[in-house]
Amino acid sequence: MNHLISLVIILLTGLAVYAILRSGPARPAAPPPRAGGPYIPSLPDTSPVRHWSDGGRFLVEVSSESRYQAAIGELAGEHGAQGASAPYQAVLLPDDHNHYEDKAVAVFMAGRMVGYLAPKDALRFRQRLAAAELAGQPTTCDAMVRGGGDWQGKRLAYVVVLDVEPFE
């Protein structure tokens, strides 16, 4: 009788181990989707505290992911097969709530998000703000939407360039 009970226990244990191994490794649950789509910081109600300028050189490019291309394309306006050259005023907003970059600086044109400063540029820009005692404050600069021309039958991407002194 003891042998029969031992055999049943071994058999049940083997079945349990087999079921566990067959189910595969534990997988972490997928994070819940973000409500309302991708994160976009909000422009504050306060007026920008300073306007930056580099004499119209437009040497600083905004890092714009593909998700901003539609908005940038609309801001570029109609320009046919030629590349766009649309002037705007940009708002540079330190984004302290960004989940991916703790020193992010968001760039807005005509109230629309068009991208961020590159991480190294954002860090140096924040240092500039701190040196001018403007840490965390929105500022402005002139900006241009360029690109979007036709090349070999395809529409090129748009870029946003800023008229601020390069962050070297």
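Residues numbered from 1 in each chain as written. Predicted model: local features only at pLDDT ≥ 70, side-chain atom pairs only at ≥ 80, totals over all residues. Heavy atoms only, no water.

Quick look at the side chain of Asp121
Thinking step 1. With respect to the helices, strands and loops of the structure, Asp121 is situated in helix H3 (residues 119-131).
Thinking step 2. Here Asp121 sits buried without a salt bridge, and the closest side chain of opposite charge, Arg124, lies 4.6 Å off (N-O distance).
Thinking step 3. In contact with Asp121, other than residues within four places in its own chain, are Val60 and Phe167. (Helix = DSSP H or I, 4+ residues; strand = E, 2+ residues; numbered from the N terminus. Buried < 20%, exposed > 50% of the residue type's maximum accessible area, 1.4 Å probe, protein only. Lys, Arg positive; Asp, Glu negative; His and termini not counted. Salt bridge = Lys/Arg side-chain N within 4 Å of Asp/Glu carboxyl O. Contact = heavy atoms within 4.5 Å.)

A look at the nonpolar core
It is characteristic of soluble globular proteins that their nonpolar side chains tend to be buried jointly.
Thinking step 1. Membership of the largest hydrophobic core comes to 35 residues, with the highest contact counts inside it found for Leu92, Leu117, Val145, Val160 and Leu162.
Thinking step 2. Listing elements by their share of this core, those giving two or more residues are helix H2 (69-76), strand S3 (84-95), strand S4 (104-109), strand S5 (112-116), H3, strand S6 (139-147) and strand S9 (158-162).
Thinking step 3. If we skip the residues at most four places from it in the chain, Val160 touches Val60, Glu61, Val62, Ile72, Met109, Val114, Ala143, Met144 and Val145. (Core = buried A, V, L, I, M, F, W, Y, C linked by side-chain atoms within 4.5 Å.)

A short note on the environment of Leu117
Thinking step 1. Inspection of the secondary structure assignment puts Leu117 in the loop between S5 and H3.
Thinking step 2. As for Leu117 and Leu92, which are separated by 25 residues in sequence, their C-alpha atoms are 8.7 Å apart.

Description of a nonpolar patch on the surface
Thinking step 1. Taken together, the side chains of Met1, Leu4, Ile5, Val8, Ile9, Leu11, Leu12 and Leu15 define a hydrophobic patch exposed on the protein surface, amounting to about 850 Å² of accessible area.
Thinking step 2. Along the chain, the position of Val8 falls in helix H1 (residues 2-22).
Thinking step 3. The partly exposed category is assigned to Val8, whose relative accessible area is 42%. (Patch = residues over 30% accessible without salt bridge, like charges linked within 9 Å, V, L, I, M, F, W, Y side chains within 5 Å. Areas by Shrake-Rupley, 256 points an atom, 1.4 Å probe, with all protein chains shown as cover.)

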